[in-house]
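# Geometric and topological summary
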Amino acid sequence: MPKHTPSTLNPRSPLVLDTRELPRRPGALRTVERVSPAPADLGGEMISVPEGAGLDLDLRLESVSEGVLVSGTVTGPVRGECGRCLREIDDSLTVRIQELYAYENSTTDTTTDEDEVGRMQGDLIDLEPALRDAVVLALPTNPLCREDCPGLCPECGVHWDDLPADHSHEQIDPRWAGLSQLNRKEE
Ligand SMILES: [Zn+2]
Ligand SMILES: [Zn+2]
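An account of the accompanying structure is given in this report. (Residues numbered from 1 in each chain as written. Chains lettered and ligands numbered in written order. Predicted model: local features only at pLDDT ≥ 70, side-chain atom pairs only at ≥ 80, totals over all residues. Heavy atoms only, no water.)

Let's shift gears to a negative patch on the surface. A cluster of acidic side chains, namely Asp-113, Glu-114, Asp-115 and Glu-116, defines a negative patch on the protein surface. Summarising the element assignment, Asp-115 is placed in the loop between helix H1 (107–111) and strand E8 (118–119). (Patch = residues over 30% accessible without salt bridge, like charges linked within 9 Å, V, L, I, M, F, W, Y side chains within 5 Å. Areas by Shrake-Rupley, 256 points an atom, 1.4 Å probe, with all protein chains shown as cover. Salt bridge = Lys/Arg side-chain N within 4 Å of Asp/Glu carboxyl O. Lys, Arg positive; Asp, Glu negative; His and termini not counted. Charge placed at Lys NZ, Arg CZ, Asp CG, Glu CD. Helix = DSSP H or I, 4+ residues; strand = E, 2+ residues; numbered from the N terminus.)

The structure is reproduced here in structure tokens:
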């Protein structure tokens, strides 16, 4: 039983790589350099690539005996929110792609699972799943506006950067007053 779903890829989609120009001879090379609009929901909840933003594809397609090896980088903008201070994060991200796509009906195709090795659909390669995996892996689950972001004062919600160094709320709970005296003596 062939494991393929019938080809539904659109060769004109910028995240679909067309290998018709690539000879099926091990070692043959083609490069793909293009800008693709980012698909929706690329990334996580806290930080992601805005839909439609330009992704710079800089890829190398290499024929190997059982398929095509795609390697290179994809660079795009990312936007999110700092997990500590909620400030907007405006950054860019470069992910490395290295993925083998097996020819239909090759030995690799028939002896491996689709989640182990990618599949070609005819002469086409759908780059999107590999790109999604790479982006999700590269993005932090708890993004920060900067490594040492001090966050917000829990009392007044103002960013510590915008507060004087000696900022404090001198309304110590009477139950803790004794403890605070103790701390002061230790200093
Ligand atoms: Zn922050
Ligand atoms: Zn405060």
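The periodicity of an α-helix, 3.6 residues per turn, causes residues three or four places apart in sequence to face the same way. All buried positions along helix H2 (residues 128–138) are accounted for by Ala-130, Leu-131, Ala-134 and Val-135. Seen from one end, H2 has its buried residues packed into an arc of 130°, which puts them on one side. Structural note: H2 exposes Asp-133 and Leu-137 on the side pointing more than 90 degrees away from its buried face. Looking at the packing, one finds that the buried side of H2 touches strand E3 (42–43), strand E4 (47–49), strand E5 (54–64), strand E6 (67–81) and strand E7 (88–102). (Buried < 20%, exposed > 50% of the residue type's maximum accessible area, 1.4 Å probe, protein only. Arc of directions from axis to C-beta. Contact = heavy atoms within 4.5 Å.)

With that settled, consider the coordination of the zinc ion (ligand 1). The zinc ion (ligand 1) binds to the protein through Cys-82 (SG), Cys-85 (SG), Cys-145 (SG) and Cys-149 (SG), with metal-donor distances spanning 2.3 Å. Each of the four donor atoms bound to the zinc ion (ligand 1) contributes to angles spanning 105 to 112°, and the resulting shape is tetrahedral. When the donor residues of the zinc ion (ligand 1) are listed from N- to C-terminus, their spacing reads C-x2-C-x59-C-x3-C. A residue pair is termed long-range when its members are at least 10 positions apart, and Cys-82 in the loop between E6 and E7 and Cys-145 in the loop between H2 and helix H3 (174–186) qualify at 63 residues. By relative accessible area, which is 29% here, Cys-145 ends up partly exposed. (Donors = N, O, S within 2.8 Å, 3.2 Å for Na, K, Ca; no water. Tetrahedral: all angles 85-135°; square planar, octahedral: opposite > 155°, others 65-115°.)

Once that is clear, we can look at the side chain of Asp-109. Its place among the elements puts Asp-109 in helix H1. Side-chain polar atoms of Asp-109 contact the backbone nitrogen of Asn-105, separated by 2.5 Å. (Polar contact = N/O pair within 3.5 Å; in protein donor to acceptor, adjacent residues only side chain to side chain.)

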